[in-house]
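Observations on chain architecture
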Amino acid sequence: MKAIRRLTVRPVLPDPLRPLSDLARNLRWSWHPETRDLFQSVDPECWTASGRDPVRLLGTVPPARLAELAEDRRFLRRLTAVADDLDHYMTGDRWYQTQPGRLPAAVAYFSPEFGITAALPQYSGGLGILAGDHLKAASDLGVPLVGVGLLYRHGYFRQTLSRDGWQQEHYPVLDPHELPLVPLKEHDGTPAHVALALPGGRELRARIWLAQVGRVPLLLLDSDVEENDPGERGVTDRLYGGGSEHRLLQEMLLGIGGVRAVRTYCRLTGHAAPEVFHTNEGHAGFLGLERIAELCDEGLEFGSALEAVRAGTVFTTHTPVPAGIDRFDRELVARHFGPDSELPRIDVERVLRLGMETYPGGEPNLFNMAVMGLRLAQRANGVSLLHGGVSRQMFAGLWPGFDADEVPITSVTNGVHAPTWVAPEVFRLGARQIGVQRAEDALTVGGSERWDSVADIPDQDIWELRRTLRTQLVEEVRERLRASWRQRGAGTAELGWIDDVLDPDVLTIGFARRVPSYKRLTLMLRDRERLTELLLHPERPIQIVVAGKAHPADDGGKRLVQELVRFADDARVRHRIVFLPDYGMAMAQKLYPGCDIWLNNPLRPLEACGTSGMKAALNGCLNLSVLDGWWDEWYRPDFGWAIPTADGAGTDPDRRDAIEANALYDLLEQRITPRFYERGASGLPDRWLEMVRRTLSLLGPKVLAGRMVREYVERLYAPAAEAHRAMDPDSARGLAEWKARVRAAWPGVSVDHVETSAATASAELGTTLALRVRVKLGDLAPEDVEVQAVSGRVDSEDRITDAAKVPLKPVGGPDLEGRWVYEGPLALDRTGPFGYTVRVLPAHRLLASGVETGLVTVPSGDLGEAAGLLMR
């Protein structure tokens, strides 16, 4: 019989065991081995059955066992030690508290998904795992972050396979009371809520749940509350589900409701109010509108409030393609804002202008969430050096008149949270070498360029470690494969072959990620006979473990999964290649350490970063990847392999796949498998182990989330907080008025004359020329602008590359026609073709850069030809 209602019955812990409840509710256990070991010792069988989730564990342990533990002095000593360690972790000074200068009192970090632990399934892929790692690293460093997201009652989806290999989706119902969450409550004990106004006088209410991620509170908004109508209750039903209006409501709740949740949390707990708001992708972009509305309520007009909000906002873009950005119909957005809906005090046209694609090639009737994110943030970044460049090209239309390399989008390359992803066996080997505390610091705070102590670990120890991890993966794969085949309808008698799947002594390749077409799940199948020969080679075989989910609405992705599954079902090769359904954090934590090679073959440059290879590298797994994302930035031939790309403009997609697949097979046949199986005088694969050692020592310090978060603090959060403090109401009004005045006067700005002291079109290196420029400023004054000399090498079309920019100084006052003379030196510091130009930019002390306004004046074409200096 089916229950008509479900509720959670919590155990009553004996008083000596009460600290277990606090330990279970703080998600630090997900990356703290001592805490997990303590919970495992409570009841090993229940621990396994609960999916290694302490909250579920405590709900299933028999009362007799709890009573027994309450009298167990040894257990109680361990419990006290672990509880004291958590208290010290939560209250002691960490990296952030020891930094000079005035850092932000708090930072609010918004993301549509957070991957923290399999016990809190609120993620679909890399964006969520990155957000979870960001929170964990911030906690380890002591950064006062407040996370904000949504609580999806169905999470993403669980993946199984049909008998013929077609992806099946299942959406289990999640009960918040069975998750490591507590409801945020008002002082009178009632649940804390936020509410949004909807068209037609309706309302969307959401409860606030709190997940404690170490030192970082994570606020999750849940619309499944009785006060909502059925439609509104389903707003937070599942991650990335529903149609356009459903997604719009999710993003309004995340952004607008999220700011209100942060304000509520700070009011109830006394937490410092955030000085910086960081939006992880455009999904949370509406947070800027709510903050503008707050300031308008305090007396600022829209333009001034916009400047104040921009100063303290950081926007991170994660997609290298326009198709990856949420875009909504203009009329749909208009219907949800204005007098009859949310933010009635703000003119809906102002809201729309923030997101409209008002640039060449844009769609004028679409509201673009990333465009709004960039317009509402004074600081923005991509997630690798290559992705930063791609983003500058993609959004260059927002800054017309500037070269793409000047678009104000920087890069902070992603990192991964080492304590989460490093296998305990790997950590223990490092701790044996340098001590537990130094090993923990190296993985969390980072800061060193190299981990030189790896050089002192004996080859034999590294090789034994790698085989141990490979063996664990083989056991995990067999268990998961057997469960998958049972779900596909196979009987026990059909599955004896699974006992021989994979071999702990065979070179093991891992490939696991989401399955959009650009990640090319099936590139390895391009030449099936050649792949089969690699899998079954008599002396140098390989084995491959594959996992990944296609989006429920992506039938093309599902066909790729089915194609891979059908190949892996073939009796000839099924002991050498497997597809594991339901890829998630629990599987990944076994998969990364157990592989020898991590394969990544996206279409370059469509992988913004790709952090799975980082997690593998931290465990001594070597990367074999297209030069995309982070691998383009840090690849070196002494610790991995680069798959050559055929990305010329004339190469059609099918030919490109054929060329790159052939390059992949060549690398495996000629360079990778020989190196793995080749033995030196010691009987070990010396050259392979040297690459493992270099991966750990050279890549390890780079790929840390601790390094990433420190970069965010130093390069983005601290400057944003300083700008936020400088933007008091009077300054915000002044900047808004100045921008309006400059925009109105800019058509009157021109460069009328340029001359240098050069007598010929050639000069010697080291020469300094005198540059004299006459500009017309119209209604502006010299303090409103900066006149720059821009110089550098020139290409065949006389475009300046690698430009140096030097400000020129005004000489005297304006002439009778209102023109100003600027002068300055022009250093010829590079040989070869050399050129220069001049330009005029707006200048104000509160701008993050001269490019910010998108305004620039350069000499006319005729004037440039008459005045230009070109040295060949």
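Residues numbered from 1 in each chain as written. Predicted model: local features only at pLDDT ≥ 70, side-chain atom pairs only at ≥ 80, totals over all residues. Heavy atoms only, no water.

With omega at 5°, the peptide bond leading from arginine 604 into proline 605 counts as cis. Phi at leucine 343 takes a positive value of approximately 55°, unusual for a residue other than glycine. Inspection of the secondary structure assignment puts leucine 343 in the loop between α12 (330-335) and α13 (348-355). Accessibility expressed as a relative area gives 1% for leucine 343, which makes it buried. (Helix = DSSP H or I, 4+ residues; strand = E, 2+ residues; numbered from the N terminus. Buried < 20%, exposed > 50% of the residue type's maximum accessible area, 1.4 Å probe, protein only.)

Our focus in this paragraph is the confidence of the model for the protein. Should the pLDDT be low somewhere, the predicted coordinates at that spot are not to be read in detail. Overall, the predicted model of the protein reaches an average pLDDT of 93, with 97% of residues at or above 70. Low pLDDT (under 50) marks residues 864-872, which in the prediction has 28 contacts with non-local residues, meaning those over four places away or in another chain. (pLDDT = per-residue confidence, 0-100. Contact = heavy atoms within 4.5 Å.)

Here is a general trend for soluble globular proteins: nonpolar side chains tend to be buried in one another's company. Grouped together as the largest cluster of nonpolar side chains are 106 residues, with contacts concentrated most on Met524, Ile544, Ile597, Leu624, Trp641, Ile672 and Trp688. Each residue touching leucine 624, except ones within four places of it in the same chain, is listed here: Ile597, Trp598, Leu599, Asn600, Trp641, Ile643, Leu664, Leu667, Leu668 and Ile672. (Core = buried A, V, L, I, M, F, W, Y, C linked by side-chain atoms within 4.5 Å.)

So, on to the sheet that holds strand β18 (residues 597-600). An order of β17-β16-β15-β18-β19-β20 is seen for the 6 strands of this open sheet, with the pairing classed as parallel. The open sheet has two free edges, formed respectively by β17 (577-580) and β20 (640-643), since each of these has just one partner strand. Sheet twist, expressed as the mean angle between neighbouring strand axes with direction ignored, is 20°. Bridging between strand β15 (residues 507-512) and strand β16 (residues 542-547) involves 6 bridges; their strand directions are parallel. Following the sheet pairing, isoleucine 509 is matched in β16 by isoleucine 544. Lying over the sheet, helix α21 (residues 555-569) contacts β16 and β17, oriented at roughly 135° with respect to β17. (Pairing = 2+ DSSP bridges. Axes fitted to C-alpha atoms, helices over the stretch in contact; angles between N-to-C directions.)

Side chains three or four residues apart in an α-helix point the same way, a direct result of the helix having 3.6 residues per turn. Burial in helix α18 (residues 436-444) covers these residues: Ala439, Leu443 and Thr444. Mapping the buried residues of α18 onto a view down its axis gives an arc of 120°, with all of them on the same face. Within α18, the exposed residues directed more than 90 degrees away from the buried face are Gln437 and Arg438. In the core, the buried residues of α18 are packed alongside α7 (126-141), α16 (418-421), α17 (424-434) and α27 (705-726). Positive backbone phi, at 65°, marks glycine 446, one or two positions downstream of α18. (Arc of directions from axis to C-beta.)

Now for the pattern of salt bridges. When the charged atoms of two side chains with opposite charge come close together, those side chains can pair. Applying the stated criterion to the full structure yields 63 salt bridges. Put simply, arginine 725 and glutamate 275 hold a salt bridge, and the shortest N to O gap is 2.8 Å. Here glutamate 275 lies in the loop between α9 (244-269) and β9 (276-280) and arginine 725 lies in helix α27, a separation of 450 residues in the sequence. Note that arginine 526 is salt-bridged to aspartate 654, the shortest N-O span being 3.0 Å. (Salt bridge = Lys/Arg side-chain N within 4 Å of Asp/Glu carboxyl O.)

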